[in-house]
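These are the residues of each chain, in order.
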Amino acid sequence: MTSRDSKAAVAFLAPALILLGFFRLWPAARSLAESLRGWSGAEARAFVGLANYRYLFQEDPVFWSSVQVTLKYAVIASPITVAAALGLAFLLRGKGRRLSFLRTLCFLPSAVSLSVMAVVWGLMLDPYYGLANSILKRLGVPPQPFLSSTNQALACLILIAVWRNAGYWMMFFLAGMESIPKEVYEASALDGASSQQQAWRITIPLLARTMSFVLVANTTFNFVTFAPVFILTRGGPIGSTNLLMYEAYKSAFVYLDPGRAMAMSSLTLLGVLILSIVQLKLARARFEC
Amino acid sequence: MRRFTALIIAAAALVAVSAPAIGATTLEVVWMGWPKNLVDMQLEDFRRANPDIVLDVQLVPFNQLFQTLEVRLASGRPPDVFIVDGPMTASYAERGYLMPLDAHLDSRELSQWFPASVEACRYKGKLYTLPYATSSVGLYFNKDIFRRYNVELLPEDPGHRLAWEQVAEIAKRLTIDASGDGQPEVWGLIIEQCDRPYQVVPFAESKGGRPLSPDGTTSEGYVNSPAFVEAATFYWKLFNDWKVSPKGIMQAPIAREYFGNGKAAMMLGAEWNIAQLRNFSDSEFGLSPHPYFAGGRALTPTGGWHVGISSKTAKRDAALRFAKYITGHDAVATWAKLFGNAPARRDVYASMKDVFANPMWQTLIYEMEKTASPRPVTPGYLEYESVLKEAFSSIQYGADPAAALDSAAKQIDRELRKYR
């Protein structure tokens, strides 16, 4: 690469890097620095080293149960979302008005404001007057408590996440499918491959890059889920939907304990980072060897 | 070109219409999310009398009010005037969010409010807020439901209170599941603010519990004391054992809908329901004094909304004028009529004798004078309330009362450390 090329590269990357630095890296660095400070009182907040982290690890059962809930949420929601997105992409690829209408329909949930969506779901899942229970009643199923049950609340949040995100990630898979050269399919058809074989042997392997991106990005999304918890369950019942970001929010703005909040956010960031690296490595090993 | 000119004129006209009068001060007010039409009616006089002040009143729903205030007050541009839940005075004052008001009110003005309400406005000897309303709680009941199921009506005279144990028995008789689907058509008892310490802590206080250490910085041994655990166990039984109360009804307006529409026979509710229940004209309601535990203390929740001025406001005069108006006789009397909060001013009770002669009001005025027990004074009230609220919500959903309160005590004490 010539020096002119590298200058051009820097120039093109600069706007994105500046925005990334300002809106992502700077806040992350600030939060890391703040996590090393003490409890906010009337006085300026003092440097306390790793005391906030020590508290989280050794004395804070609420944090650990929140970690468990978040892991459960992400581990279940992520693969279901990716599988649903991939399935939709297979079903809805191709040309034609009807298909493009259906694609739009599937994409729509991700275009709706998160809070509006959560409120509407809340109304539908209301245990006493909600639409969901009146449908179940017609089908002869007894009414369900949904968000007010420790056994069902997290499942409801997962369902909502899949509903909202599957259509969004479907678009990435569709774009990935578009980029697979037609010749590969033609050649395999000449060799007598069925469409099922084409899907397994050609489409999915060639979607490897898209797949690893979608997996990583979607898992990250799930780890930092906040709005549905805030609007629908407030972490309850009995902490069963108390995702990390909500606990961090509460710590900062309800318990006025920003040190604990920042320590939790920093640990979440670290966790997501490690998980992403592992996922990327696994995805490469699986699809590129 | 002509179209372009027209566009410019239209834009200029729009700016002219939407901009406030020249020289006017815009006062930003964060207020409780009461119905906007009522708040506007109450503010009509102020707007007319103060054309130089433009009010930007932001009504925030109760459930989001305290978090919204936290974010706004910590920012560089807080609202000029804001509503303060009485016990939050210490918290905001401790953090320097409130302007001290001693210099701006004389003793004659202060003497209009109840001494207890003024006391709740002070922190470390300084006056930081002005009382807007106070409150009390009693046991409302639907006389039609009692008659339908042949249950004797509750006593309604001041001071003649039932024990919680009796109320539980009545609630069991009046929890009616005729269809047998496990979802009663009528619940025995609904608690209006069923997870808020305001209404829940008095259960424990009646058993002899104390909400917090006298210096307001320790909860271990208080919120998990035997009295608290016993009271919380009674509360747990209401939802999980006797199943006389519906789970998950955490918002007061929804609880009121349940009760008003005959889906609950009794409601532990605050004084504003005297006015609010008029919206449900199909049933006849009564009010029995706040129950207590047999052999325990009789006491009732109290305290209420205050008004504070931001220490950072650049519009001190306008803010003071507004704060004095909204806590003054006329605005408070209007609000007592429109919404029904208990005034914290003597002169309003004197000027609205016809309203307060109502037997329900008489019962609650008796409680405010004789049995009212204010919430604990601590700069960490927000943390205390929030953690305890979650604990009671968990207990309601079935968590073990002792374990939930132990965990709450630990968490509260961590958060209160910053004030020691």
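Now for a look at the structure at hand. Just so you know, these numbers come straight off a predicted model, no measurement behind them.

Moving on: empty space enclosed by the protein. Residue and element names in this part refer to chain B. If you walk through the whole model with that rule in mind, you get 5 cavities of 30 Å³ or more. Approximately 90 Å³ is the volume found for the largest cavity. Taken together, 14 residues make up the lining of the largest cavity; nearest its centre are Pro-197, Val-201, Pro-202, Glu-205 and Arg-375. Contributing elements (two or more residues each) for the lining of the largest cavity: helix H9 (197–206) and helix H18 (381–396). Each residue belonging to the lining of the largest cavity can be placed in one class, and the counts come to 10 nonpolar, 2 polar and 2 charged.

Turning next to the sheet that holds strand S11 (residues 285–288) of chain B. Residue and element names in this part refer to chain B. With mixed pairing, 4 strands are arranged side by side in an open sheet as S9-S10-S8-S11. Where the open sheet ends on each side, the last strands, each with one partner, are strand S9 (187–191) and S11. The average angle at which neighbouring strand axes cross in this sheet is 25 degrees, direction not considered. Bridge count between S9 and strand S10 (residues 264–270): 4 bridges; the pairing is parallel. In the sheet register, Ile-191 faces S10, and the bridge partner there is Leu-268. The sheet strands contacting helix H11 (residues 252–260) are strand S8 (137–142), S9, S10 and S11, and the helix crosses S10 at an angle near 140 degrees.

Residue and element names in this part refer to chain B. Strand order across the open sheet formed by 5 strands is S2-S1-S3-S13-S6, with mixed pairing between neighbours. Only two strands of the sheet have a single neighbouring strand rather than two, namely strand S2 (53–60) and strand S6 (129–131). Mean inter-strand twist for the sheet, computed between neighbouring axes without regard to direction, equals 25 degrees. Across 3 bridges, the pairing between S6 and strand S13 (residues 305–309) is antiparallel. Each bridged residue has a counterpart across the sheet, and for Pro-131 the counterpart in S13 is His-306. In the packing of helix H3 (residues 62–74) onto the sheet, the strands contacted are strand S1 (25–32), S2, strand S3 (81–85) and S13, and the crossing angle to S1 comes to about 135 degrees.

Residue and element names in this part refer to chain B. Of all 7 residues in S10, 7 are buried, a share of seventy percent or more. Pairing of S8 with S10, which is carried by 5 bridges, proceeds in the antiparallel orientation. Residue Leu-139 lies in a different strand from S10, and its bridge partner there is Leu-268.

Parameters at a glance
- Residues numbered from 1 in each chain as written.
- Chains lettered and ligands numbered in written order.
- Predicted model: local features only at pLDDT ≥ 70, side-chain atom pairs only at ≥ 80, totals over all residues.
- Heavy atoms only, no water.
- 1 Å grid on protein atoms, 1.4 Å probe; cavity = no way out; pocket = protein on both sides within 12 Å on 5 of 7 lines; lining within 4 Å.
- Points joined across faces, edges and corners; volume = space filled by probe spheres on them.
- Helix = DSSP H or I, 4+ residues; strand = E, 2+ residues; numbered from the N terminus.
- Nonpolar A, V, L, I, M, F, W, Y, C, P; charged D, E, K, R; others polar.
- Pairing = 2+ DSSP bridges.
- Axes fitted to C-alpha atoms, helices over the stretch in contact; angles between N-to-C directions.
- Contact = heavy atoms within 4.5 Å.
- Buried < 20%, exposed > 50% of the residue type's maximum accessible area, 1.4 Å probe, protein only.

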